[in-house]
Amino acid sequence: MKLAVFGANEIGLTVSAVFASHGYDVVCTDEDRDQITALNSGELPIHEEGLPELIMEAKSVGKLSYSVNRLTAASESDYLLFTEAIPVDENNKPDFSAFYRFIRQIAITVKTHKTFIIKSAVPPGTASEIEAILLEQGLNDRSFDVVSNPDFIRKGSAVKDFLFPSRVILGTSSLRACRIMETFYAPLSNALSYMDHSSAELMRYAYHTYQSMKVSCLTMIAGVAENYGADVEAIQSALPSEPRSHDHSLHPGSCFLGYEKSVEAASFRSMIKESSSANKMFDALEGINQYQPELLIQKLKDFLGTLQGTTIAIFASATLKGVPALPPSNVVIKRLEEEGATVRTFDPITEGFQFRETNSAHMYETVQDCDALLLMTEILSLQHVNWGKVVEGLKLPLLVDGHNLFTLDEMRKIANSFDLIYCSIGRPNIYKGLGSISVQSVQ
């Protein structure tokens, strides 16, 4: 089977590599010529565990290629899978002008049956509009099918999520399309869930908003837990769960609404502007999530007294797993500077810090002579740092974990080995061999 993927982004590159590794003839296309040139020369613009190996394997057997010739790819493929982001206009409404123009161009090339698979985040009604455009262009309804197929893969674990989906959502009103998609997804999953186009198109927004509600709830509970010396993770483990709910990404400390791009959140908000109850819910979620940066600032001030004249090291990454999508590190940096602190940053992704690499000179230079270290990343490789070097570089061995990257048991062992103060979200603080203590006891 021949598959054309439109969009050399996180989703497009992952989907292309996975299907190519399962024997499909895949061409991944993008209008960005520099991006395609880089991909053809072996450069990968994203950091995803397992993706480089999949790409190398698929290219070595001639199953995966990259191209800027999007119309050629469309005309030669059976399946056309769209992952490109839809921009929004000045009113935060999706601007489909370029996307629909491309659909009209594709229609001219159609000579055999095509299945249009929409993975881009689009509002309800998009699939129906695509069907109408194809019919307007003179195609017979037997020559195409349009399927809404929202994705739920997470940055950092995209390959795993796509290879082992808990469910695959498919929106279509065509029995023929159902059979086609059963064949299409057969190598990966038989957990297919069918619904109408509009419901499937709304699923991505619903999923991320629902996840955000759970994260916001945990964030609220975390604040109460800290007041009473409770452990929010112990509470979370006893709450009702569903597939993936125990993943590290679902924890207090995450950020605004869980959307990968601000335009996506803005787009959804524009859809519900007529609903006062929905807008009240969004306002409540924003209020809880926007409080989180202030909480981190306060934790630093609790230990340091004042931030005026201090130097704070921050390990932060724009590539976060799961529901977080708009990392609040920029907000925290701005607030630290307003409080009179100097900020040094280290990004495990841009600095090439790989999964079990512990000898990054720049990382240890970042913490040198700093008053504290703040973690605002979910890159699990940071669990393998040399804590002796970190503590040696810090003036006060204070680690504030903004994403609860470590378990308390892990940090008790580390604190017993090093002179380290560990402070996280909604859990007791840990200090050297004393187990857990209150902030007041170290002031």
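Below or above, wherever it landed, is the structure these notes cover. Keep in mind that this is a model prediction, so the values were computed, not measured. (Residues numbered from 1 in each chain as written. Predicted model: local features only at pLDDT ≥ 70, side-chain atom pairs only at ≥ 80, totals over all residues. Heavy atoms only, no water.)

**With respect to the overall build of the chain**
- When you go through the chain residue by residue, the secondary structure sums to 16 helices and 15 strands.
- In the chain, which comprises 443 residues, the proportion classed as buried is 52%.
- Considering only contacts within the chain whose residues lie at least 6 apart along the sequence, 72% involve residues at least 24 apart.
- Here the chain displays about 19200 Å² of accessible surface, and carbon together with sulfur accounts for 51% of that area. (Helix = DSSP H or I, 4+ residues; strand = E, 2+ residues; numbered from the N terminus. Buried < 20%, exposed > 50% of the residue type's maximum accessible area, 1.4 Å probe, protein only. Contact = heavy atoms within 4.5 Å. Areas by Shrake-Rupley, 256 points an atom, 1.4 Å probe, with all protein chains shown as cover.)

**Topic: the packing of aromatic side chains**
- Applying the stated criterion to the full structure yields 19 aromatic pairs.
- Ring plane angle 20 degrees and centroid distance 4.8 Å describe the contact between Phe6 and Phe82, whose orientation is recorded as stacked. Here the residue Phe6 occupies a position in strand S1 (residues 2-6), and Phe82 occupies one in strand S4 (residues 79-82), the gap between them amounting to 76 residues. For the pair Phe6 and Phe82, one class covers both residues: buried.
- Through a chain of ring-to-ring contacts, three or more aromatic side chains come together here, namely Phe6, Phe82, Phe96, Phe99, Tyr100, Phe102 and Phe116.
- Positioned over the ring face of Phe102 is Arg70, at 3.8 Å from the centre of the ring. (Phe/Tyr/Trp six-rings, centres within 6.5 Å; stacked < 30°, edge-to-face > 60°. Lys NZ or Arg CZ within 6 Å of the ring centre and 35° of its normal.)

**With respect to the nonpolar core**
- Counting residues in hydrophobic clusters, the biggest one holds 39 residues, and the most contacted among them are Phe19, Phe184 and Tyr185.
- Ranked by residue count, the leading element in this core is helix H1 (residues 10-21), at 7 residues.
- Residues contacting Tyr185, with those up to four places away along its chain left out, are Phe19, Lys119, Asn149, Phe162, Val168, Leu170 and Leu192.
- Counting 26 residues, the second-largest nonpolar core is a separate cluster that includes Phe99, Ile103, Ala107 and Leu134. (Core = buried A, V, L, I, M, F, W, Y, C linked by side-chain atoms within 4.5 Å.)

**Thoughts on empty space enclosed by the protein**
- For the structure on display, the rule yields 2 cavities of 30 Å³ or more.
- Within this model, the second largest cavity holds a volume of roughly 60 Å³.
- Ile118, Ser120, Ala121, Val122, Ser148, Asn149, Pro150, Ala200, Glu201 and Arg204 together form the lining of the second largest cavity.
- A breakdown of the residues in the lining of the second largest cavity according to their chemical character gives 5 nonpolar, 3 polar and 2 charged. (1 Å grid on protein atoms, 1.4 Å probe; cavity = no way out; pocket = protein on both sides within 12 Å on 5 of 7 lines; lining within 4 Å. Points joined across faces, edges and corners; volume = space filled by probe spheres on them. Nonpolar A, V, L, I, M, F, W, Y, C, P; charged D, E, K, R; others polar.)

**Observations regarding the side chain of Asp145**
- Within the secondary structure layout, Asp145 lies in strand S6 (residues 144-148).
- A distance of 3.1 Å separates polar atoms of two side chains, one belonging to Asp145 and the other to Ser174.
- A polar atom in the side chain of Asp145 sits 2.7 Å from the side chain of Arg176.
- Excluding its chain neighbours within four sequence positions, the residues that come into contact with Asp145 are His113, Lys114, Thr115, Phe116, Ser174, Arg176, Ala177 and Ile180. (Polar contact = N/O pair within 3.5 Å; in protein donor to acceptor, adjacent residues only side chain to side chain.)

**Quick word on unusual backbone geometry**
- Not every positive phi belongs to a glycine, and Asp369 is a case in point at roughly 65 degrees.
- Along the chain, Asp369 turns up in the loop between helix H14 (361-367) and strand S11 (372-376).
- Since its relative accessible area comes to 45%, Asp369 is described here as partly exposed.
- For Asn404, which is not glycine, the phi torsion reads 50 degrees and is therefore positive.
- Here Asn404 shows up in the loop between strand S12 (398-401) and helix H16 (408-417).
- Under the relative-accessibility criterion, Asn404 is labelled buried at 2%.

**Some details on the pattern of salt bridges**
- Taken as a whole, this structure holds 13 salt bridges when the rule is applied.
- Its salt-bridge partner being Asp25, residue Lys63 comes within 3.2 Å of it at the nearest N-O pair. Separated by 38 residues along the polypeptide, Lys63 in the loop between helix H3 (51-60) and strand S3 (64-67) and Asp25 in strand S2 (residues 25-29) bring together distant segments of the chain.
- A relative accessible area of 25% places Lys63 in the partly exposed class.
- Where Asp145 meets Arg176, a salt bridge forms, and the shortest distance between an N and an O atom there is 2.7 Å. In this pair, Asp145 is assigned in strand S6 and Arg176 in helix H8 (residues 175-185), connecting sequence segments 31 residues apart. (Salt bridge = Lys/Arg side-chain N within 4 Å of Asp/Glu carboxyl O.)

**Points about the side chain of Thr115**
- Its place among the elements puts Thr115 in strand S5 (residues 114-118).
- Exposure remark for Thr115: the relative accessible area of 2% places this residue in the buried category.
- Other than its neighbours up to four places away in sequence, Thr115 contacts Asp78, Tyr79, Leu80, Asp145, Val147, Ile180 and Met181.

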